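A closer look at the structure
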Amino acid sequence: MNAKEWAQQVVKPAEIEKYLIGGKDFIDPAAIAEDLAAGVRPDRSRVRDILQKSLEIKILTPAETATLLNVEEPELLEEMREAAFEVKRRVYDNRIVFFAPLYCSNLCVNNCVYCGFRSDNGAERRHVLTMDEIRRETEAVIDEGHKRLIAVYGEHPRSDADYIAESMGQIYATKRTTPSGSGFNSIRRINVNAAPMSIDDLRKLWRAGIGTYQVFQETYHPDRYAELHPAGTIKGNYRWRLYAMHRAIDAGIDDVAIGALFGLYDWRFEVMGLLYHALDLERQFGIGPHTVSFPRMQPALGSFVSENSPYLVRDDAFRRLVTVLRLAIPYSGLIVTARERADLRREIIRYGCTQTDASTKIGIGAYSEKKRQGENADKVQFTLGDERSLDEVVRELAQDGFITSFCTAGYRCGRTGDKIMSLLEKGVEGRFCKLNAVLTFREYLNDYASPATRRIGEELIRRELDEIERTPFFTEKRLLPTFRSYYERIAAGERDLYM
Ligand code: SAM
Ligand code: SF4
């Protein structure tokens, strides 16, 4: 089968239709426009009532979200930011989860006008990593100290579900001796960002041990979507993409991640789209998104739109959209990536984001070749705003009081999907995560941290240990003896012990 024939059989109409409600999508542009129009010039007491609801860790309604999106008053915006900070603290405490993206292929049958991988881009050098190359890339990522990664793929028969599953097997099988000589380090959780697939294909990823499956809708506005994704390509099918997560849950993957590419259409509309998506997943499956992403469009090789879209989002609007997302879907993790500049990343991590990447390379094969982005501009998808190492970012966040977590226990202990959601809403998962954050931070400080990071990290970990000893929950649940013994064993050189 050639690539064209392959592309023609990917979309399965029956796997779209089964999720429609009365033949309709959960996105109705007219209804979103009405929500937004009805929310203009909100009064203060209404906004404060909505903030109170977020603080109770309840997902907001579209009308409530539209109200927050319409706040313009600087003082009120500041109150929203403080409420967002408090919501984040209640659900995720001071933890920040790190991951690294691993780009496995840049061959693509689609032609998204904003992406360096689009099929029309003749300047892009194409490559699909072999299993040997995947091993070498994984080794380089592990050697930075990472334990979680997101594998990223173009859509092509050479990087189909079988290839993705095989590459995941290779990643999980790759082990490295730690620099301190304390056992092995390996990738303990693989999340995947790849094109929407059929339920059968998604089952292959589930069997290969996928963590979170991530697909961004790019824009939720159907007409704008059609302008950016040529008809006749797989990605030109808006609905096939809109129900990607519905199919994933049906395939058994219950950690699903949504996102929109900000800069393609009005940012307020996209926030509403993300909310309606979360609400539909809750309604149809009782599971909301594990994470929400809001990548901002960056310049991509030869792409006019990526630099000239009329909807490019400025920093101020970006801060606001992160704040509203934090408040609107309080239980979901929010991911900020190295697309963003260091200073902005630091700021929005404080009041919104729970996950981020570092030591990021998005060129195909760039980790093992140790290439910076300027050295392989013809193999990247877009330009990064922050190329700092994991060690540098971990240190900066530790200075700000944030503890780095490489925890992957939730998924390995079955705390996923609806189970993790109710634990997050009640603040229980956060407590387990605190213990696992400290255990994995101990591993990192011993194995990979530079002397400067270790100095700051040791202070932070002492404060965390103190807090754990003083928290009644841990005593009541009799978790302290096991935790203390794991901590001592890790400090003495054992690895991968979790609660
Ligand atoms: N090919 C798959 C797909 O489109 O779903 C997955 C991989 S694609 C490389 C991952 C994401 O990168 C896309 O969903 C899009 O949101 C984002 N992206 C594409 N072009 C971008 C740009 N110029 N700046 C920032 N992000 C971009
Ligand atoms: Fe291909 Fe994804 Fe880039 Fe579109 S965004 S061209 S589907 S890699």
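So, here's what we can say about the structure. Each chain has its residues counted from 1, running along the sequence as written. Written order determines the labels here, with chains lettered from A and ligands numbered from 1. Predicted model: local features are reported for residues with pLDDT of at least 70 only, side-chain atom pairs are reported and counted for 80 or more only, and whole-chain, interface and lining totals are derived from all residues. With hydrogens and water set aside, each side-chain value is computed from the structure's full complement of heavy atoms.

1. Topic: the overall build of the chain
Here is the rule we go by: Put simply, DSSP marks the helices as runs of H or I at least four residues long and the strands as runs of E at least two long, and each gets a number from the N terminus on. Radius of gyration means the value over C-alpha atoms here, while the globule rule gives 2.2 Å times the residue count to the 0.38 power. Three exposure classes are used, based on accessible area relative to the maximum for each residue type with a 1.4 Å probe and protein chains only: buried under 20%, partly exposed in between, and exposed over 50%. Residue contacts are counted whenever heavy atoms from the two residues lie within 4.5 Å of one another. Methods summary: accessible areas were calculated by the Shrake-Rupley approach with a probe of 1.4 Å, and residue burial reflects only the protein chains presented. When charges are counted, Lys and Arg are positive and Asp and Glu negative, with His and the chain ends excluded. One atom stands in for each charge, and that atom is NZ of Lys, CZ of Arg, CG of Asp or CD of Glu.
When you go through the chain residue by residue, the secondary structure sums to 24 helices and 11 strands. In terms of overall dimensions, the chain is globule-like: its C-alpha atoms have a radius of gyration of 22 Å, near the 23 Å expected for 499 residues. Taken over the C-alpha atoms alone, the chain extends approximately 60 × 60 × 40 Å along its principal axes. Out of the 499 residues belonging to the chain, those deemed buried represent 62%. Here the contacts in the chain between residues at least 6 apart in sequence split such that 76% fall between residues at least 24 apart. Carbon and sulfur atoms make up 49% of the accessible area of the chain, which totals about 18900 Å². Taking the 71 positively charged and 74 negatively charged side chains of the chain as two groups, their mean positions are separated by 3 Å.

2. A short note on helix α24 (residues 480-491)
To keep things clear, this is the line we draw: Here, expected helix span is obtained from the residue count minus one, scaled by 1.5 Å. Starting at the helix axis, one direction is taken to each C-beta atom, and the arc is that of these directions.
For α24, with 12 residues, the first-to-last C-alpha span of 16 Å sits near the 16 Å given by 1.5 Å per residue. Buried within α24 we find L480, F483, Y486, Y487 and I490. Projected onto a plane normal to the axis of α24, the buried residues spread over an arc of 130° and lie on a single side. Facing away from the buried side of α24, by more than 90 degrees, are the exposed residues P481 and E488. Just beyond α24, the residue with positive phi is G493, at close to 120°.

3. Side note on the site of ligand 1
Going by this rule: If even one non-hydrogen atom of a residue comes within 4 Å of a molecule or strand, that residue is called near it. Counted as a polar contact is a pair of N or O atoms within 3.5 Å, where, for protein atoms, one must be capable of donating a hydrogen and the other of accepting one, and residues adjacent in sequence contribute only when both atoms are in side chains. Detection works on a 1 Å grid of protein atoms alone, calling trapped sets that fit a 1.4 Å probe cavities and calling open sets with protein on both sides within 12 Å along at least five of seven lines pockets, with lining residues defined by an atom within 4 Å of a point. Throughout, a molecule is located in a cavity or pocket provided that more than half of its atoms lie within 2 Å of its grid points. Residues are grouped as follows: Ala, Val, Leu, Ile, Met, Phe, Trp, Tyr, Cys and Pro are nonpolar; Asp, Glu, Lys and Arg are charged; every other residue, Gly included, is polar.
Around ligand 1, 20 residues are found, and the nearest of them are N193, E218, K235, R241 and Q381. Between ligand 1 and the protein, one listed contact pairs an oxygen atom with a side-chain N or O atom of E218 at 2.6 Å. Within the backbone of Q298, an N or O atom sits 2.9 Å from a nitrogen atom of ligand 1. Computed on the free molecule, ligand 1 has an accessible area of 560 Å², of which 96% lies beneath the protein chains in the complex. When atom positions are compared with the pocket grids, ligand 1 is found to occupy the largest cavity. Taken together, the residues that form the shell around ligand 1 break down as 11 nonpolar, four polar and five charged.

4. A few points about the packing of helix α22 (residues 451-470) against α24
The cut-off we apply is this: Axis geometry follows a simple rule: fit a line to the C-alpha atoms, using only the stretch in contact for helices, then measure angles between N-to-C directions, giving values from 0 to 180 degrees. By definition in this entry, angles of less than 35 degrees are roughly parallel, angles greater than 145 are roughly antiparallel, angles of 65 to 115 are roughly perpendicular, and the rest are oblique. Crossings are assigned a handedness: left-handed for a near helix turned anticlockwise from the far helix by less than a right angle, right-handed for a clockwise turn.
Contact geometry for α22 and α24: axes closest at 11 Å, N-to-C directions at 160°. Considered as vectors, α22 and α24 are oriented roughly antiparallel to each other. Remark: the crossing between α22 and α24 carries left-handed chirality. Where α22 approaches α24, its residues I461, L465, I468 and E469 are matched on the opposing element by L480, F483, R484 and Y487. Residue classes in the contact of α22 with α24 are distributed as six nonpolar, no polar and two charged.

5. Observations concerning the nonpolar core
The condition that has to hold: We define the nonpolar core as a collection of buried residues of types Ala, Val, Leu, Ile, Met, Phe, Trp, Tyr and Cys that are connected through side-chain atoms lying within 4.5 Å of one another.
Core analysis: the largest hydrophobic core is formed by 163 residues, its most contacted members being F294 and L321. Setting aside anything within four residues of it in sequence, one finds L321 in contact with F262, W267, V271, F294 and V313.

6. Structural notes on the site of ligand 2
Taken together, C108, N110, C112, C115, F117, R118 and K235 are the residues near ligand 2. If you map ligand 2 onto the pockets, it falls in the largest cavity. The class makeup of the residues in the shell around ligand 2 is four nonpolar, one polar and two charged.

7. Overview of the packing of aromatic side chains
What counts is decided by this rule: For Phe, Tyr and Trp, rings pair up if their centres lie within 6.5 Å, where Trp contributes its six-membered ring, and each pair is then called stacked (planes under 30 degrees apart), edge-to-face (over 60) or tilted (otherwise). Placement of a positive charge over a ring is assigned whenever Lys NZ or Arg CZ falls within 6 Å of the ring centre and within 35 degrees of the normal to the ring plane.
With the rule as written, the count across this model stands at 13 aromatic pairs. Between Y265 and F269 the ring centres are 5.3 Å apart and the planes differ by 85°, which places this aromatic pair in the edge-to-face class. Judged on exposure class, the residue Y265 and its partner F269 are both buried. Note on F406 and Y444: the rings are 5.4 Å apart at their centroids and 35° apart in plane angle, and the pair reads as tilted. Residue F406 is found in the loop between β11 (403-405) and α19 (409-412), and its partner Y444 is found in helix α21 (residues 428-447); the two are separated by 38 residues along the sequence. Accessibility expressed as a relative area gives 0% for F406, which makes it buried. A network of ring pairs unites the aromatic residues Y19, F26, Y243 and F285 as a single cluster. Stacked on the ring of F406, the Lys or Arg K147 has its end atom at 5.9 Å from the ring centre.

8. A word on helix α13 (residues 267-285)
The end-to-end C-alpha separation of α13 is 27 Å, in line with the 27 Å expected for 19 residues at 1.5 Å each. After α13 finishes, the residue G286 shows a positive phi value of roughly 70°.

9. Here we look at the pairing of strand β9 (residues 333-336)
To keep things clear, this is the line we draw: Two strands are said to pair when DSSP picks up at least two bridges between them.
By the alternation rule, side chains of β9 split into G333 and I335 and L334 and V336, which are all buried. Examined bridge by bridge, strand β8 (residues 291-293) and β9 share three bridges and lie parallel to one another. The partner of V292 across the bridge, within β9, is L334.

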